[in-house]
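Summary of structural features
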Amino acid sequence: MNGTTAPATRHLDLPGGRIAFDDTGHGEGAPVVLLPGMLDSRAAYRHLRPLLAAAGRRVITMDLRGFGESSILWDDYSPAAIAGDVLALLDHLGIDRAVLAGNSYTGASVVKAAGDAPERVAGVVLLDAFVENVPPGALQRLVVGAMGALLVHSPAFWGLYHRKAAYPGPKPADHEEYVAGLVAAMRAPGRKTATRGYVRGDSSPAGWTAAVRCPALVVMGSKDPDFGKPELVADRQAAALNARKVMIEGAGHYPMADHPRATADALLSFLADLA
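Overview of the structure. Owing to the predicted nature of the structure, the values given are computational and were not obtained by experimental measurement. (Residues numbered from 1 in each chain as written. Predicted model: local features only at pLDDT ≥ 70, side-chain atom pairs only at ≥ 80, totals over all residues. Heavy atoms only, no water.)

**Comments concerning the pairing of strand S2 (residues 17–23)**
Within S2, 6 of the 7 residues are buried, leaving the element largely enclosed by the surrounding structure. Relative to S2, strand S1 (residues 10–14) is paired through 5 bridges, and the arrangement is antiparallel. For Arg10, the partnering residue across the bridge sits in S2 and is Phe21. The hairpin formed by S1 and S2 contains 2 residues between the paired strands. Pairing of S2 with strand S4 (residues 59–62) involves 3 bridges; the strand directions are antiparallel. For Asp22, the partnering residue across the bridge sits in S4 and is Thr61. (Buried < 20%, exposed > 50% of the residue type's maximum accessible area, 1.4 Å probe, protein only. Helix = DSSP H or I, 4+ residues; strand = E, 2+ residues; numbered from the N terminus. Pairing = 2+ DSSP bridges.)

**Some words on the environment of Ser203**
For Ser203, the position within the fold is in the loop between helix H7 (191–199) and strand S7 (216–221). For Ser203, a relative accessible area of 17% puts it in the buried group. Taking the C-alpha atoms as reference points, Ser203 and Arg49, separated by 154 residues in sequence, lie 24 Å from one another. In this structure, Ser203 is in contact with Pro79, Tyr105, Ala108, Phe130 and Val131, ignoring residues within four places of it in sequence. (Contact = heavy atoms within 4.5 Å.)

**So, the sheet that holds S7**
Think of a sheet as strands paired side by side through backbone hydrogen bonds, with each pair either parallel or antiparallel. Read across the open sheet, the 8 strands follow the order S1-S2-S4-S3-S5-S6-S7-S8; overall the sheet is mixed. With partners counted over all chains shown, the strands left at the sheet margins are S1 and strand S8 (244–248), one partner each. Within the sheet, the average angular offset between the axes of one strand and its neighbour, ignoring direction, is 20°. Pairing between strand S5 (residues 98–103) and strand S6 (residues 121–127): 6 bridges, direction parallel. In the strand pairing of S6, Ala101 is matched with Val125. Sitting on the sheet, helix H2 (residues 79–93) is in contact with S1, S2, strand S3 (32–35), S4 and S5, with an inclination near 115° to S1. Strands S3, S5 and S6 of the sheet are contacted by helix H3 (residues 107–116), whose axis makes an angle of about 160° with S6. (Axes fitted to C-alpha atoms, helices over the stretch in contact; angles between N-to-C directions.)

Shown next, in the form of structure tokens:
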């Protein structure tokens, strides 16, 4: 399996729609479930998944409600709803316990799942997540609201963010093709509704980390443009979850894409310790 080839797409039918996922199907230790950030697809892990699979891990990547190959229209796009989808997927696959990893928006989802069903979650991994973020000031809330409105009405703005900000260092070889696909996906019929659902969601809910009892890993890019002080946010997350912290030097908001080897090394070390 190379960096761009994924296992076949499979689907889980839920009361509100259909979730798409793929599964390498075998491996040692607890399976690893990877959740992309908002407005993204499971292909965000196209460079990380094969590294984990080559190291002997079973890897499952899941599309979120509204994006990738999942159904577009849902009545709820919140991190809590996605947490429920993850647990339903574990049931569907007959998996007793798994390690859950969430990027950006879905960091809150894996924390929620771990708190709601501790017997099902062997560990959580936050990849440049907003959990325990520094509380925003009035100006920052205004800016975030304006950016959210731009995302809903101008998919090109999402492309601009990925091309100019999200990857401050090296970019994957397929970066331009991937970003073009993200922008095109946002223009699909009904996608504006899904986008609105995400930008209005709370990616940094208060108090959810208090219920987590499993081991945790915090991975943060040192140059993540979404945070004024990335290491400060990582420190807050590590303290709240009693977690191991790994800063990836030079990485942006998507370390699994711009520094996949360093991200894989951090995850594999954490997984080895769980075993």
